[in-house]
Amino acid sequence: MSDRNVTTPRNATRSRRQFMGGIAGGAAMLFCAAAPTFAQTSAVPLPTKRDGSQQVAQAATAAPADAAQKIANHFSSVKTMTGEFMQFGPRGDQAGGKFYLERPGKLRFDYDAPSTLKVIADGRNVAVGNGELDTWDFYPLSRTPLSLLLADQIDLENRMVRDVRQQSGLTIIVLGDKSIFGDQVITLMFDSKTYELRQWTITDAQGKDTTVILSNVRTGVEFGRSVFRIPYDQIMASPSSSN
């Protein structure tokens with residue numbers, strides 16, 4: 001049996017960018033200098049015109065963020081969901097599996113064989129397990145983009161909404177905020193009628209995309225406690241653990 005490498009919440013020093021990039025490198029990327037956002041206003045106030053054009057311009061600027069927040073409100077109202085996923089990596093690699101989500105803060109991705117990867121968020125930490133290498137890596141949930149997407153109430157600040165558009169029955173929301181997503185951009189695609197999340201794409205600093213498509217989604221399901229349990233005791237009991 002190979003040695004188990006453990007990165008614990010106490011000694012983890014990786015940034016959000018490393019968290020997302022590390023998962024991407026292991027074919028387990030989850031969701032995912034920022035350009036000016038749609039809702040960002042000019043530092044110099046625009047002159048007020050008698051016809052009210054300034055107010056109209058400001059309303060038009062804020063509209064994408066408002067539309068995104070409306071969809072985010074619906075998405076965050078779904079407290080539990082499960083289904084299947086298919087992931088497409090930047091090198092043409094593919095991987096599939098099942099996912100489980102429970103708000104607040106809980107998520108699990110089990111990858112189908114031959115992959116041995118699993119990703120578990122238990123409300124406190126995110127653990128990435130690699131069965132082939134016999135390793136676990138930990139990241140505080142609060143320091144990853146998942147803390148936003150798994151919150152009880154998703155609050156999309158105006159500055160993070162880069163674009164909102166309609167395309168082929170989908171509402172596409174592009175998010176980018178260096179303080180939350182690092183150097184990456186997240187593109188979320190929702191059904192325009194039901195507001196259900198269909199897929200997302202992570203674009204890294206090099207412009208490489210990883211896309212995850214959801215299918216056979218069910219909501220309002222109940223999960224046992226073990227679904228989102230990270231095996232801390234088993235991991236820490238490993239001879240190679242320094243804790």
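An account of the accompanying structure is given in this report. Everything numeric in this text was worked out from a predicted model, so none of it was measured.

## Some details on the pattern of salt bridges
Side chains that differ in sign of charge can pair as their charged atoms come close.
Then, in step 1: Throughout the structure, instances matching the rule amount to seven salt bridges.
Then, in step 2: In this structure, Arg 108 and Asp 110 form a salt bridge, with 2.9 Å as the shortest nitrogen-oxygen distance.
Then, in step 3: With a shortest N-O distance of 2.8 Å, Arg 165 and Asp 163 are connected by a salt bridge.
Then, in step 4: Residues joined by salt bridges that share partners form a network here, namely Asp 191, Glu 196 and Arg 198.

## Let's talk about the side chain of Arg 108
Then, in step 1: Mapped onto the fold, Arg 108 is located in strand β4 (residues 106-111).
Then, in step 2: Owing to a relative accessible area of 13%, Arg 108 belongs among the buried residues under this scheme.
Then, in step 3: Only 2.9 Å separates the side chain of Arg 108 from the side chain of Asp 110, close enough to count as a polar contact.
Then, in step 4: A polar atom in the side chain of Arg 108 sits 2.9 Å from the backbone oxygen of Val 227.
Then, in step 5: Ignoring sequence-local partners within four residues, the contact set of Arg 108 consists of Lys 98, Phe 99, Tyr 100, Lys 118, Val 119, Ile 120, Ser 226, Val 227 and Phe 228.

## Focus on unusual backbone geometry
Then, in step 1: Here Arg 103 and Pro 104 are connected by a cis peptide whose omega angle stands at -5°.
Then, in step 2: Cis geometry marks the peptide bond from Ala 113 to Pro 114, where omega comes out at 15°.
Then, in step 3: Counting through the fold element by element, Pro 114 comes out in the loop between β4 and β5 (117-122).
Then, in step 4: With a phi angle near 50°, Asn 216 is a residue other than glycine that sits in the positive phi range.
Then, in step 5: Relative to the assigned elements, Asn 216 resides in strand β12 (residues 209-219).

Rules of the game
Residues numbered from 1 in each chain as written. Predicted model: local features only at pLDDT ≥ 70, side-chain atom pairs only at ≥ 80, totals over all residues. Heavy atoms only, no water. Salt bridge = Lys/Arg side-chain N within 4 Å of Asp/Glu carboxyl O. Helix = DSSP H or I, 4+ residues; strand = E, 2+ residues; numbered from the N terminus. Buried < 20%, exposed > 50% of the residue type's maximum accessible area, 1.4 Å probe, protein only. Polar contact = N/O pair within 3.5 Å; in protein donor to acceptor, adjacent residues only side chain to side chain. Contact = heavy atoms within 4.5 Å.

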